[in-house]
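Inside the fold
So the chains spell out like this:
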Amino acid sequence: MLSFKGGEVMLRWVVLALLIGFCASAGDKKVKTKAKTQSLARGWGNAISWAKSYEEALAKAFNSKKPVMVIHHLPDCPHSQALKKAFVADKTVQKMAKGDFIMLNVVEETADSNLAPDGYYVPRIVFVDPSLTVRADITGKNSGYRYSYNPGDMQLLVKNMKKAKKLLPSKQHIEL
């Protein structure tokens, strides 16, 4: 009779341990999913749907007839961080990015050299229209780094985003 009670107690401990292990593993899955979503935004706007890759962004642009906005940046670059802060704080930029564009932010260069028409530097923003053509005509105000924007350039960025939504004749594009 004594051994039966001991077995019952042991069984309770085993069931409790399994229950704790099951709950802990279920919690881990939720954390991993949330972290993956945040990593695509990289702090540029969590309400925006971000493409995972340049290829995915181009496919979505072609199918949706929306232009792509490609933001090249580095996590440890102070200029990138300042631009990110201004980008997130500007409600018009966030609204347009969320509704009118296929968004992609990259910290590593793509194989497509068309995305660096005047060189490889950060931060820079390049637009690609739904015909999969880089919009070389849409630039920032810095003549040395034509596709760069500063935190104070959000009105210019909004103007350029509006311009990117309008298609131009193919002569003004760099074809991919």
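Quantities reported herein were computed from a predicted structural model and do not represent experimental measurements. (Residues numbered from 1 in each chain as written. Predicted model: local features only at pLDDT ≥ 70, side-chain atom pairs only at ≥ 80, totals over all residues. Heavy atoms only, no water.)

Overview of helix 5 (residues 154-164)
For clarity, the threshold we go by: Think of it in three bands: with a 1.4 Å probe and only protein chains considered, a residue is buried below 20% of the maximum accessible area for its type, exposed above 50%, and partly exposed in between. Helix and strand assignments come from DSSP, with helices taken as H or I runs of at least 4 residues and strands as E runs of at least 2, each series counted from the N terminus. In this context, the arc is that of the directions from the helix axis out to the C-beta atoms. The criterion used for residue contact is that any of the two residues' heavy atoms lie within 4.5 Å.
Within the sequence span of helix 5, burial applies to M154, L157, V158, N160, M161 and A164. Down the axis, helix 5 shows its buried residues gathered within 165 degrees of arc, on one side only. What points out from helix 5, more than 90 degrees from its buried face, is the exposed set Q155 and K159. The secondary structure elements touched by the buried residues of helix 5 are strand 1 (68-72), helix 3 (78-89), helix 4 (91-100) and strand 3 (124-128).

Here's the deal with the packing of aromatic side chains
Put simply, the rule reads: Two aromatic rings, drawn from Phe, Tyr or Trp (for Trp, its six-membered ring), form a pair once their centres lie within 6.5 Å of each other, and the interplanar angle then sorts them: stacked below 30 degrees, edge-to-face above 60, tilted otherwise.
Enumeration over the complete set of coordinates arrives at 3 aromatic pairs. Measuring from ring centre to ring centre gives 5.9 Å for F101 and F127, while their planes differ by 50 degrees; the resulting arrangement is tilted. Here F101 is found in the loop between helix 4 and strand 2 (102-106), whereas its partner F127 is found in strand 3, with 26 residues between them in sequence. Assigned by exposure class, F101 and F127 land together as buried. When the centroid spacing of 4.8 Å and the interplanar angle of 65 degrees are considered together, the rings of Y121 and Y145 count as edge-to-face.

Structural notes on the environment of F127
For F127, a relative accessible area of 0% puts it in the buried group. In sequence terms F127 and L115 are 12 residues apart; their C-alpha atoms lie 8.6 Å from each other.

Some details on the layout of surface pockets
Our working definition: With a 1 Å grid laid over protein atoms only, a set of points is called a cavity when a 1.4 Å probe fits there but cannot get out and a pocket when it is open yet has protein on both sides within 12 Å along at least five of seven lines; lining residues have an atom within 4 Å of a point. Grid points are joined across faces, edges and corners, and a volume is the space filled by probe spheres set on the points. Amino acid classes used here: Ala, Val, Leu, Ile, Met, Phe, Trp, Tyr, Cys and Pro are nonpolar; Asp, Glu, Lys and Arg are charged; the rest, including Gly, are polar.
If you add up the space inside the largest pocket, you get close to 150 Å³. H79, A82, Y121, V122, P123, N142, Y145, S148, Y149, N150 and P151 are the residues that line the largest pocket. Classifying every residue of the lining of the largest pocket by side-chain character gives 7 nonpolar, 4 polar and no charged.

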